[in-house]
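Working through the structure, step by step
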Amino acid sequence: MNSDRIMQKTNSIPCLQKLCTLFMNVPSKLCLIMMLFFSGFVQAEEFQLFQMIDLEGRKIQKAVYSAEDQFIVSLDDSSNITTWSGSTGHRLKNISAENHVPKEILSSPTTQQLITAGLDSTVRIWDLERGIELKALRGHLTAVSALAQNFDGTELFSGSDDGSIIYWNKEKRTIEKRVIGAHPAEVVALALHPKGNLLASADQEGTLRLWSFPDFSLVREFREHFGKISVLRFNKLGDRLLSGATDGTVIVWDWDKEEMGFRLETGKPVHDLDLHPDAQTLITASEESVIRFWNFRIGGALQEKIQLESPANQVRFDETGTNVMATLQIGQIQIWQVGSLFQWELIQAHDRPISDLALSPDGKRLLTVSPDKTMKLWNLQSKLEEKN
């Protein structure tokens, strides 16, 4: 039996749900296993869960939404790019990128295109609707390790293992500017300023640099981290740059004043961070089994914290800032109410750690990826409305 045949049986899921409802004595986990046996995607009534099982044994590494939720795009460890319906989870197209070996993926914010960074030193653009490669952008000499783009996707930036950065005109598919030796080590993260006039770059050794446009000149350099930078982003106002690293610190940079604003000590390697819509509250996830809250404007830890059973790999506020969502290394999704810190949802989503997380552009669905060879799509809208 192959995965295509399994996909054809998704219409039988409602019947399976009714069967499980009739036999109330059947354990819920056993009921789920029965459903998985008959279908590649599972739609559970409460969460509208869609689960993909790859019978060929491939592990999904990353997944993103395309513009307007039209597609979900996944990348597996055999360099296959697969598109799925953003609304139903049905498999649509499979694209082999074996010669490219993509390691990073980025969806266009305005078109149905995907950008990938590969070990073959190229950046490639894909048409998701037709399932074809549009262009291979050549200019790097080694593997491409980081990607970033502006708000409408017309300008593209890439960094590579040899420390170089290229500024691409995506529409013309040409190099606008190339900086060889932009960093002395592998570029691991790129972040674009909300106004699009500054690019922040970070390398393997913890150095941050700021670049201006259109001349791509070096504006600032910061050397305060003592480990690899794992997360890098500007706040929405663009007056602060935040970086988290394996040295257990989050640093808030007042880049315009050429100084470090605050150093926030988590004590363990930082996995992720997110900013509250109030523009001053920060949450962090680290190798410590705690989600911490900070005021990054005044540089201090808040009293609130969430104690977890295991470290969280990703943390997110919802669109309103009312709830915090976290994915744990034990495969759980946990959702907490901000303020009271009441945990109103705990879902054992995967058998292994959740390695990637994506929220749909409309904020209604949550996508999780795990080394257990599954990708799951969760409908959060009804649950969030119920609790809010």
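The structure contained in this document is the topic of the report that follows. Every chain is numbered on its own, with residues counted from 1 as its sequence reads. Local features in a predicted model are, by the rule used here, given only for residues with pLDDT of at least 70; side-chain atom pairs are given and counted only at 80 or more, and totals for whole chains, interfaces and linings are based on all residues. Excluded from the side-chain calculations are hydrogens and water; all other atoms, namely the structure's heavy atoms, are used.

Let's talk about the overall build of the protein chain
Convention followed: Under the DSSP-based scheme used, a helix requires at least four consecutive residues in state H or I and a strand at least two consecutive residues in state E, with every element numbered from the N terminus. Burial status follows relative accessibility: with a 1.4 Å probe on protein chains alone, a residue under 20% of its type maximum counts as buried, one over 50% as exposed, and anything between as partly exposed. Note on contacts: a residue pair qualifies if any of its non-hydrogen atoms lie within 4.5 Å across the two residues. For every accessible area listed, the method is Shrake-Rupley and the probe measures 1.4 Å; residues are considered covered only by the protein chains on display.
Along the protein chain, the regular secondary structure elements total four helices and 32 strands. By the burial criterion, 56% of the 388 residues in the protein chain qualify as buried. Nonlocal contacts in the protein chain, meaning residues at least 24 apart in sequence, comprise 40% of its contacts between residues at least 6 apart. Counting every atom, the protein chain has about 17200 Å² of accessible surface; 49% of that belongs to carbon and sulfur.

A short note on the pattern of salt bridges
Condition: Whenever a carboxyl oxygen of Asp or Glu lies within 4 Å of a side-chain nitrogen of Lys or Arg, that contact is scored as a salt bridge.
In this structure the tally under the stated criterion is 16 salt bridges. One salt bridge connects Arg223 with Glu221, and the closest N-O pair in it is separated by 2.8 Å. Accessibility expressed as a relative area gives 35% for Glu221, which makes it partly exposed. One connected set of salt bridges, linked through shared partners, spans Arg233, Asp272, Asp274 and Arg316.

Describing the sheet that holds strand 19 (residues 241–245)
Heads up, the rule is: Note on pairing: DSSP must find at least two bridges between two strands before they are called paired. Axis lines are fitted through C-alpha atoms, for helices just across the contact stretch, and the angle between N-to-C directions can take any value from 0 to 180 degrees.
Taken in spatial order, the four strands line up as 18-19-20-21 in an open sheet, and their pairing is antiparallel. Each edge of the open sheet is held by one strand with a lone partner, namely strand 18 (229–234) and strand 21 (259–265). Neighbour to neighbour, the strand axes of the sheet diverge by 15° on average, direction disregarded. Looking at chain direction, strand 19 and strand 20 (residues 249–254) are connected through four bridges and run antiparallel. Bridging across to strand 20, Ser243 finds its partner in Ile251.

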